[in-house]
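# An overview of the molecular structure
As a plain string of letters, each chain reads:
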Protein chains: 2
Amino acid sequence: MALDPRRVLIFHAVVTAGSISAGARALGWTQPAVTQHIAALEKSVGMPLILRRPTGVVPTPAGHALMAHAEAVASHLDAAWQELDELRHCRAGTVRLAAFPSALATIIPHAMKILNDQGGGGLHVRLIEAEPDDALASLRADEVDLAVTFGYSDVEGVDDIDEGFERVPLGVDPVLLVLPPTHPLAHQEDLHLGDLADQEWVAGCPRCREHLVGMARRAGFEPRISHETDDYVVVQSIVSQGLAVSVLPKIALSAYHSRSVVVRDAPELTGRRVEAVYRPGAGRIPSVALVLSALRATHIG
Amino acid sequence: MALDPRRVLIFHAVVTAGSISAGARALGWTQPAVTQHIAALEKSVGMPLILRRPTGVVPTPAGHALMAHAEAVASHLDAAWQELDELRHCRAGTVRLAAFPSALATIIPHAMKILNDQGGGGLHVRLIEAEPDDALASLRADEVDLAVTFGYSDVEGVDDIDEGFERVPLGVDPVLLVLPPTHPLAHQEDLHLGDLADQEWVAGCPRCREHLVGMARRAGFEPRISHETDDYVVVQSIVSQGLAVSVLPKIALSAYHSRSVVVRDAPELTGRRVEAVYRPGAGRIPSVALVLSALRATHIG
DNA sequence: TGATTCCTATAAGCTGTGCTTATGGCACTA
DNA sequence: TAGTGCCATAAGCACAGCTTATAGGAATCA
């Protein structure tokens, strides 16, 4: 009922080559195969498209008309193939990557360097700053191809609800204590979380806050949270002025470490999981896979 | 190794419809058939083109790239189909028709009228004046689609050499005597060609001349040809002034008949065959066939 | 004038593409 | 918890669409 696109291309090859036999050679087929296709095409169209001459083949008016469109079809298919080839080899294309701020300041630049070394030359990576919740929302809304998020094992976060996303663990980011240098416990050996039970605390995002509360409760106290901010620079500023103590992930500290705060570990501290998240199947998109492998190759923590 | 154009169109249908199942419905197929095609397409491309969601399907970047070209391919195929449809029904297109001058003045206009009545509305017929030899050369050179020629059974003309053209007889055009009205034989009953054995003659083209000579010899004399011209108006002018006698085909006389000449028949006169000639296979081109049928429906002679 | 080589069409057969039906899993909705 | 979308997979079967083989016409050349 409609034009068989393969036959249109065969027709194109025949007219271009000048004869059915030459067309068949160009296509790597035998002459009868092409003869049959052309006959079928002409039958479906209801008129002859080429006139058979002893020396080859001459398009009829209808053949000329079809030929014009066949040229367009052939070149579009060719262009599509080339374009897909570039995408396949990551010589082109864009990957939109959402990540939380401290990752954007640390592991993402590292990953981008690895990406360039791995031959991600023509690949554009568009970076979007977003906290995990927003990153996953963007992923869901198809505004982003890849999200780097974090989560705490002891806190039920948005990213723990299985949304059908695929996720790849990138590593564990240790969480460390941040104290003013003048603090009596700042240089005490064998420091435990419980030693800070009566301090004022700075807490971050809701989940970070929950995480802090969870660790403290397991250490036997309820932390008094007197300040709240997501910003790890602000946290260190508050701490450095002796207003409170806090915890910060190592990644945040490697993004910015004030000289006026002391960082200490404690056995009761648990880290946060850092993950790359993407829509199911997106991991097999070459550009996404390439960025993903660069992320995985980046040392975390 | 390259994109299967059918699968590109299937892909187009799927993305347009929003899901594999919907695409299958649009194509009148079952869902597994389309699933398999898409899978094969993605395998040949080497990357996923769509992401499967519970609610349907979302194109990947590569899918978007392919989609742009697929749109173009689909619309070109559609346009080609429509254009061919118009050509098939002779609502468009051009037929180039070569004919000898007196035919152009008589039977061709009649045929064009019939053509219009038969619904050849959108069809353009381009008329080219050409004597049979030139008409066949044009046909050979693909400058013309159809040629109306004439030939004499007793003269070996170019058109009698089988060039592989197909030819349709349109009728026999009687050849008649042309005499000055003042001629002693102009009104004689039971006129025979031999009665004009000692006259001066006007002859036309080489073949017409041979034809005249042939008829005369069979009637027992060698005609004295003192004037030569192809132009049937000139012939009549010469005859009307009493300078000579001549023969002219009836078609020429119906194109122009001087009141100053007398037209007579004679049993020894033989007519000329009028034919339509075209390249082999061209008779199955709808527009050519339509013009041809109009020509055949035109009464000759 | 035959020999050769191009062209195309047709016949007959076999292979593998590409449908089908059947089934199962998963996500969302009521 | 059933119901209704979605998709993937398996298995089977038919026919599309190749192949080889053959024949005939037209052009070229010795």
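Residues numbered from 1 in each chain as written. Chains lettered and ligands numbered in written order. Predicted model: local features only at pLDDT ≥ 70, side-chain atom pairs only at ≥ 80, totals over all residues.

## Examining helix 1 (residues 5-17) of chain A
Residues and elements named next belong to chain A. Stated formally: In this description a helix means any DSSP run of H or I spanning at least four residues, a strand means any run of E spanning at least two, and both kinds are numbered starting from the N terminus. Here the expected length of a helix is defined as 1.5 Å per residue gap, with one fewer gap than residues. Our exposure labels follow a C-beta count within 10 Å of each residue's own C-beta, placed from the backbone: buried means 20 or more other C-beta atoms, exposed means 12 or fewer, and partly exposed covers the counts in between.
Given a rise of 1.5 Å per residue, 13 residues ought to cover 18 Å, and the 18 Å separating the end C-alpha atoms of helix 1 matches this to within 8%. Within helix 1, burial applies to Pro-5, Arg-7, Val-8, Ile-10, Phe-11, His-12, Ala-13, Val-14 and Val-15. A positive backbone phi angle near 100 degrees is found at Gly-18, which sits one or two residues after helix 1.

## Focus on the packing of helix 1 of chain A against helix 3 (residues 31-45) of chain A
All names here are of chain A. Where we set the bar: Every axis in this analysis is a line fitted to C-alpha atoms, fitted for helices over the stretch in contact. Angles between the N-to-C directions lie between 0 and 180 degrees. With the far helix as reference, a near helix turned anticlockwise by less than a right angle produces a left-handed crossing, and one turned clockwise produces a right-handed crossing. Contact criterion: two residues are in contact if their C-beta atoms, reconstructed from the backbone, are within 7 Å. The classification used treats Ala, Val, Leu, Ile, Met, Phe, Trp, Tyr, Cys and Pro as nonpolar, Asp, Glu, Lys and Arg as charged, and all other residues, Gly among them, as polar.
At a closest axis distance of 10 Å, the pairing of helix 1 and helix 3 adopts a crossing angle of 115 degrees. In this structure, the crossing between helix 1 and helix 3 has a hand that is left-handed. Residues Arg-7, Ile-10, Phe-11 and Val-14 of helix 1 touch helix 3, and the partners they reach there are Val-34, His-37, Ile-38, Ala-40 and Leu-41. Here the contact of helix 1 with helix 3 is composed, by residue class, of seven nonpolar, one polar and one charged.

## Thoughts on the sheet that holds strand 5 (residues 146-151) of chain B
All names here are of chain B. What counts, and what does not: Note on pairing: two strands pair once DSSP finds at least 2 bridges between them.
Here five strands make up an open sheet; going across it, the order is 4-3-5-12-6 and the pairing mixed. Where the open sheet ends on each side, the last strands, each with one partner, are strand 4 (124-129) and strand 6 (166-173). Taken pair by pair, the neighbouring strands of this sheet meet at an average axis angle of 20 degrees, ignoring direction.

## Describing the relation of the copies chain B and chain A
The line we're drawing: Residues reaching a pLDDT of at least 70 in both copies supply the C-alpha atoms on which the copies are superposed by least squares.
The transform that puts chain B on chain A rotates by 180 degrees and translates by 0.0 Å along the axis, for an RMSD of 0.1 Å. Taken together, the rotation and translation describe the operation of a two-fold axis. No C-alpha of chain B approaches the rotation axis more nearly than that of B:Val73, which lies at 2.5 Å. A shared binding surface is used by both copies, with 98% of the interface residues of chain B retained as interface residues in chain A.

## A look at the interface of chain B and chain A
You'll often see interface size given as the accessible area lost when the parts meet. Each side of the interface is counted separately: chain B has 40 residues, and chain A has 39 residues. For the side of chain B that touches chain A, the secondary-structure elements that each account for two or more residues are helix 1 (5-17), strand 1 (50-53), helix 4 (61-88) and helix 11 (286-296) of chain B. Along the lines of polarity and charge, the residues of the side of chain B that touches chain A split into 26 nonpolar, seven polar and seven charged.

## Structural notes on the domain arrangement of chain A
The condition that has to hold: Source of the domain bounds: an automatic or database domain assignment.
If you check the domain split of chain A, you get domain 1 (5-88), domain 2 (94-170 + 275-296) and domain 3 (175-270). Of note, the centres of domain 1 of chain A and domain 3 of chain A, computed from C-alpha atoms alone, are 73 Å apart.

## A closer look at the sheet that holds strand 4 (residues 124-129) of chain A
All names here are of chain A. Reading across from one edge, 4-3-5-12-6 is the order of the five strands in this open sheet, with mixed pairing throughout. With partners counted over all chains shown, the strands left at the sheet margins are strand 4 and strand 6 (166-173), one partner each. Neighbouring strand axes in the sheet, compared pairwise and without regard to direction, differ in orientation by 20 degrees on average. Bridging between strand 5 (residues 146-151) and strand 12 (residues 272-278) involves five bridges; their strand directions are antiparallel. Each residue of the ladder has a partner; that of Thr-149, found in strand 12, is Glu-275.

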